Amino acid sequence: MRLRALAVMCLAAMPVHAQEFFTLKGHGGPVMDIAVSPSGQIATGSFDNAVGLWAGTEPAWLDGHTAAVNAVMFWDEDTMISGGDDYKVRLWSDDADGDILGDHQAKVMGLAASQEAGLVASASWDATIGLWPFPARDAAPLFLRGHKLGVNDITFAADGRTLYSASTDGTIRAWDTQTGTQTQLLASHGFGVNQLVLNEADGWLAYGAIDGGTRIIGLQTGEEIDDFTLDRRPILALAYDPQGRQLAVGDGDGYIMVIDTAEMRISRDFKATRNGPVWALAFSPDGANIHASGIESIVYSWPVDTMKEHGQMEGTEQSFLRDPETMGNGERQFKRKCSICHTLTQGSARRAGPSLHNLFGRRAGTVSDYTYSDTLLGSDIVWSDDTIDALFAQGPDHYIPGTKMPMQRIAGQDDRADLINYLRQAGTSGEN
């Protein structure tokens, strides 16, 4: 797929009037990250392993990751970069179709770029930050080491010489990108820090933490400038609009808070979801709209000035959001353990896992519209009461080492039996 051609299509298909409400539908799982190019083109990364590139409201799918895509970023209008649970940093352009730019030893959670320094940076739960020379790729990467736990987010200073990082270890650090050395321990929060926003012009750094902390600190000293912490946790998303000097904050309780950083006050506070968190936020280039995603597979875009007039995320598009009290135990186990990745109808529907329709008697690794890991291709496992029971009794990581399935177990034998009965009934009737 040609990114330049899609950018032209995107500009032609964008809403005629500013501040329109719209949605982007097509992913098969929660949208984990949103990026916006200078022209307004939108890219999304999803739990369904795909990158979506949107021309208006129509998606082009960039497939290459073999696990959830946690981070997406535009280098320019013609080039995108993504990182995911498969430990990979991938490159998308006219000349690259998911080429691997870099490898980590654990999931990639954040990306940043500096054209001035010719670097792409990746934050990983292997506790390192990768610095990948780009677009020239003839030099070896540099890994920044010093965090004690996983790195969640990163951001470059304007000249690319300094990089700031946030970690599950509760610290915010500054690094010299030429030498790879830490230059400053800017903050030691005590709780994991998930998100960063840098404003060099005003001399501050904003961060969001696991305990619900939303704070703005001075770049030089790390001293607190203001604290916008509310009784909502964790903070999962931050986005900044430099034109309007608006800082948007998304949290685990489903709120989007907008802070006017010129006056250091909360200007808007909107319960954006009926159920679940706000995973990702991004402003349109003019700051008029805020794009957001939660546990659904849909991106919502609200005009900032009229957010409450357009309503919340529906919370009904994904079946796992239903009230568990309305379900039998087998269905409840399916919704909790399986439905975010699998359908029970024919067709895998861009989910992170294959369809479970007509599962019993089927050999593992044989659904035609799903890309399996090498572990399951050619597997001799045939799905039956016994093999499904063993899968969840032992956990997929033990029963099928190397599988892409998440590590989870169902400890209760009766719960496993109820799930198996539900899969047989609903997977034949086509319920979902």
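These figures come from a predicted structure and were not determined experimentally.

Q: Any chance you could explain the pattern of salt bridges here in plain terms?
A: Close approach of charged atoms allows side chains of opposite charge to pair. A complete count under the given rule lists 17 salt bridges for this structure. In this structure, K88 engages D103 in a salt bridge whose closest nitrogen and oxygen atoms are separated by 2.5 Å. With K88 in strand 8 (residues 88-93) and D103 in strand 9 (residues 96-103), this residue pair connects regions lying 15 residues apart in the sequence. The exposure class of D103 is partly exposed, given its relative accessible area of 35%. Close ionic contact of D385 with R424 constitutes a salt bridge, the shortest N to O distance being 2.3 Å. With D385 in helix 3 (residues 385-394) and R424 in helix 5 (residues 413-429), this residue pair connects regions lying 39 residues apart in the sequence. Judged by relative accessible area, D385 falls into the partly exposed class, the value being 34%. Through salt bridges with shared partners, a single ionic network connects R215, E224 and D227.

Q: What is the right way to look at unusual backbone geometry in this model?
A: Glycine aside, residues mostly have negative phi, and peptide bonds are mostly found in the trans state. The omega torsion of the bond from F134 to P135 falls at 5°, within 30 degrees of zero and hence cis. Along the polypeptide, P135 turns up in the loop between strand 12 (128-133) and strand 13 (142-145). Despite not being glycine, M264 shows a phi value in the positive range, around 55°. Here M264 shows up in the loop between strand 24 (255-260) and strand 25 (265-271). At N358, a residue that is not glycine, the phi angle is positive and equals roughly 50°. Assignment of secondary structure puts N358 in the loop between helix 2 (329-337) and helix 3. Among the residues examined, N358 registers a relative accessible area of 44% and is labelled partly exposed.

Q: For this particular structure, what's the right way to read the packing of aromatic side chains?
A: Aromatic ring pairs are described here by two measures, namely the spacing of the ring centres and the angle between the planes. If you walk through the whole model with that rule in mind, you get 10 aromatic pairs. Ring centres of F21 and Y300 lie 6.4 Å apart, and the angle between their planes is 45°; on these two criteria the pair is classed as tilted. Of the two residues, F21 sits in the loop between helix 1 (3-13) and strand 1 (22-24) while Y300 sits in strand 28 (residues 299-303), which places them 279 residues apart along the sequence. Judged by centre distance (5.4 Å) and plane angle (85°), the ring pair of W132 and F143 falls under edge-to-face. With W132 in strand 12 and F143 in strand 13, the pair connects residues that are 11 residues apart, well separated along the chain. Judged by relative accessible area, which is 6%, W132 ranks as buried. Classification of F143 as partly exposed rests on a relative accessible area of 26%. Among the aromatic residues, those joined into a cluster by ring pairs are F21, F270, Y300 and W302. A cation over a ring is seen here: R424 above F360, with NZ or CZ 4.4 Å from the ring centre.

Q: Looking at this model, I keep getting lost on the pairing of strand 28. Mind explaining?
A: Strand residues, when the strand is regular, have side chains that alternate between the two faces of the sheet. Here strand 28 lies mainly inside the structure; 5 of its 5 residues are buried. Neither face of strand 28 is exposed, since V299, S301 and P303 on one face and Y300 and W302 on the opposite face are all buried. Where strand 27 (residues 289-293) meets strand 28, 5 bridges bridge the pair, whose relative direction is antiparallel. Bridge assignment links S293 to a residue of strand 28, and that residue is V299. Where strand 27 folds back onto strand 28 in an antiparallel hairpin, the turn is made up of 5 residues.

Q: Can you help me understand the sheet that holds strand 6 (residues 69-76) in this one?
A: Backbone-to-backbone hydrogen bonds pair the strands of a sheet. The strands run either parallel or antiparallel. Strand order in this open sheet of 4 strands is 6-7-8-9, and the pairing throughout is antiparallel. With partners counted over all chains shown, the strands left at the sheet margins are strand 6 and strand 9, one partner each. Taken over all neighbouring pairs, the strand axes of this sheet differ in orientation by 25° on average, direction set aside. Where strand 7 (residues 79-84) meets strand 8, 4 bridges bridge the pair, whose relative direction is antiparallel. The partner of G83 across the bridge, within strand 8, is V89.

Q: In this structure, what is going on with the environment of L230? I would like to understand it.
A: Residue placement: L230 occurs in the loop between strand 21 (224-227) and strand 22 (235-241). Under the relative-accessibility criterion, L230 is labelled partly exposed at 34%. A C-alpha to C-alpha distance of 7.4 Å links L230 and G213, two positions 17 residues apart in sequence. Apart from the residues lying within four places of it in its own chain, the contact partners of L230 are G212, M257, I266 and D269.

Q: Teacher, can you tell me more about the pairing of strand 12 here?
A: Burial of strand 12 is extensive: 6 of the 6 residues sit out of reach of the surface. Along strand 12, one buried face is formed by T128, G130 and W132 and the opposite face, lined by I129, L131 and P133, is buried too. For strand 11 (residues 119-124) and strand 12, the ladder comprises 5 bridges, and the chain directions are antiparallel. Within strand 12, the position partnered with S122 by the bridge is G130. In this structure, the hairpin formed by strand 11 and strand 12 is closed by a connection of 3 residues, where A127 is found at a positive phi of approximately 75°. Where strand 12 and strand 13 come together, 4 bridges link them in antiparallel fashion. Each residue of the ladder has a partner; that of I129, found in strand 13, is L144.

About the cut-offs
Residues numbered from 1 in each chain as written. Predicted model: local features only at pLDDT ≥ 70, side-chain atom pairs only at ≥ 80, totals over all residues. Heavy atoms only, no water. Salt bridge = Lys/Arg side-chain N within 4 Å of Asp/Glu carboxyl O. Helix = DSSP H or I, 4+ residues; strand = E, 2+ residues; numbered from the N terminus. Buried < 20%, exposed > 50% of the residue type's maximum accessible area, 1.4 Å probe, protein only. Phe/Tyr/Trp six-rings, centres within 6.5 Å; stacked < 30°, edge-to-face > 60°. Lys NZ or Arg CZ within 6 Å of the ring centre and 35° of its normal. Pairing = 2+ DSSP bridges. Axes fitted to C-alpha atoms, helices over the stretch in contact; angles between N-to-C directions. Contact = heavy atoms within 4.5 Å.

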